[in-house]
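Fold and contact review
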Amino acid sequence: MPELPEVETTVRGLERVLHGRRIARVEARRPDLRRALPHDLGQRLTGARVAGLRRRAKYGLIDTDRGDTLVFHLGMSGRWRIDPTELEKHDHLLIETDEGRRLALNDPRRFGSLDLVRTVTLENWPPFAALGPEPLDITAAELKRRLAGRSAPIKLLLLDQRIVAGLGNIYVCEALFRARIHPKRAGGSIGTERLKRLVEAVHAVLAEAIAAGGSTLRDFAAPDGELGYFSKKFLVYDRDGEPCACGGVVKRFVQGGRSTFYCPRCQH
DNA sequence: AGATATTCCTGGAGGC
DNA sequence: TGCCTCCAGGAATATC
């Protein structure tokens with residue numbers, strides 16, 4: 001499933017196709033993903049030049065020279081297909097550039113979203129207004145401040161996009177394992193040293209995943225390529241019952257309705 | 001306010 | 001083999 005590193009990789013891949021190009025044609029193949037698309041989406045995008053691509057949390061942003069930003073979230077199953085030979089089921093949006101290249105946003109489960117937002121209003125756009133800092137930028141001091149007084153389990157607090165914006169289930173599990181912090185620990189009770197370890201772990205696990213995605217991207221030249229996924233081996237995620245390097249066994253339990261994976265021997 | 005539950009959606013896995 | 005149920009997940013929304 002696409003998390004921050006996959007979105008970052010996707011944005012970099014789309015940049016190669018889109019940067020500086022003019023959008024020649026747009027086809028919305030269904031009127032909604034998570035939300036309804038603006039009725040004038042095609043009109044506003046067609047003929048616009050792509051001014052730049054960015055990522056915010058797990059959102060990808062495509063800025064145009066007309067003051068609009070196309071904001072996509074890949075949800076559970078979203079991916080961009082580059083120069084597809086033919087359209088598939090679940091290709092919800094098609095973009096064609098002035099060079100004749102094609103991009104298809106494919107999302108079978110439709111947990112993703114697609115919005116066209118005025119660029120200058122992005123910060124106040126409701127999905128963005130309450131977002132916390134980027135996990136790659138956050139410092140231990142900032143995280144400590146944001147966790148202060150919170151009694152909820154650290155696992156759930158790290159998934160809360162208002163505290164830190166961009167972490168998903170996989171990388172929260174992996175970062176807590178690396179920092180040797182138990183996922184049930186009350187967020188506000190974690191000491192400064194351990195928070196430093198946690199922030200370092202968050203930075204490291206994301207940086208490694210982005211680097212792995214980057215290497216995938218380097219080789220990417222397929223005419224019917226897909227962007228958004230790369231293989232990565234995890235130390236605890238989806239490894240219930242498998243051995244940990246310490247000799248213990250990875251366990252799974254449910255927190256806030258979703259799976260947490262951890263090593264009871266390493267994490268306290 | 002903070003914590004918790006529910007909803008959305010579909011493909012894939014597993015059971016019988 | 002086919003049909004069934006269950007499960008995965010992020011974010012918005014509702015409820016306590």
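Residues numbered from 1 in each chain as written. Chains lettered and ligands numbered in written order. Predicted model: local features only at pLDDT ≥ 70, side-chain atom pairs only at ≥ 80, totals over all residues. Heavy atoms only, no water.

**What to know about helix α1 (residues 4-18)**
- Here α1 spans 20 Å end to end across 15 residues, near enough to the 21 Å set by a 1.5 Å rise per residue.
- Among all positions of α1, only Leu4, Pro5, Glu6, Val7, Glu8, Thr9, Thr10, Val11, Gly13, Leu14, Val17 and Leu18 are buried.
- With its phi angle positive at about 75°, Gly20 sits one or two positions after the end of α1. (Helix = DSSP H or I, 4+ residues; strand = E, 2+ residues; numbered from the N terminus. Expected span 1.5 Å × (residues − 1). Buried < 20%, exposed > 50% of the residue type's maximum accessible area, 1.4 Å probe, protein only.)

**Examining the protein's contact with DNA strand C**
- As a matter of local geometry, DNA strand C sits amid 16 residues, with Arg34, His73, Met76, Tyr237 and Arg252 nearest to it.
- Of all atoms in DNA strand C that approach within 4 Å of the protein, 49% are sugar or phosphate atoms.
- Within the contact set of DNA strand C, a phosphate oxygen lies 2.8 Å away from a side-chain nitrogen or oxygen of His73.
- The residue makeup of the surface near DNA strand C, split by class, is six nonpolar, five polar and five charged. (Near = heavy atom within 4 Å. Polar contact = N/O pair within 3.5 Å; in protein donor to acceptor, adjacent residues only side chain to side chain. Nonpolar A, V, L, I, M, F, W, Y, C, P; charged D, E, K, R; others polar.)

**Details of the protein's contact with DNA strand B**
- The environment of DNA strand B is made up of Arg34, Lys89, His90, Pro108, Arg109, Arg110, Phe111, Arg150, Ser151 and Ala152.
- Counting only atoms of DNA strand B within 4 Å of the protein, the sugar-phosphate share comes to 56%.
- Between a phosphate oxygen of DNA strand B and a side-chain N or O atom of His90, the distance comes to 2.7 Å.
- At 3.2 Å, a backbone N or O of Ala152 approaches a phosphate oxygen of DNA strand B.
- Split into classes, the residues belonging to the surface near DNA strand B amount to three nonpolar, two polar and five charged.

**Notes on the packing of aromatic side chains**
- On inspection of all chains with the given rule, the structure shows eight aromatic pairs.
- Consider the rings of Phe72 and Trp80, whose centres lie 5.5 Å apart with planes at 75°: the pair is edge-to-face. This pair shows no difference in class: Phe72 is buried, exactly as Trp80 is.
- An angle of 70° between the planes, with centres 5.0 Å apart, marks the rings of Trp125 and Phe128 as edge-to-face.
- Put simply, the rings of Tyr171, Phe234, Tyr237 and Phe261 pair up and form one aromatic cluster.
- A cation sits over an aromatic face here: Lys184 above Phe253, 4.8 Å from the ring centre. (Phe/Tyr/Trp six-rings, centres within 6.5 Å; stacked < 30°, edge-to-face > 60°. Lys NZ or Arg CZ within 6 Å of the ring centre and 35° of its normal.)

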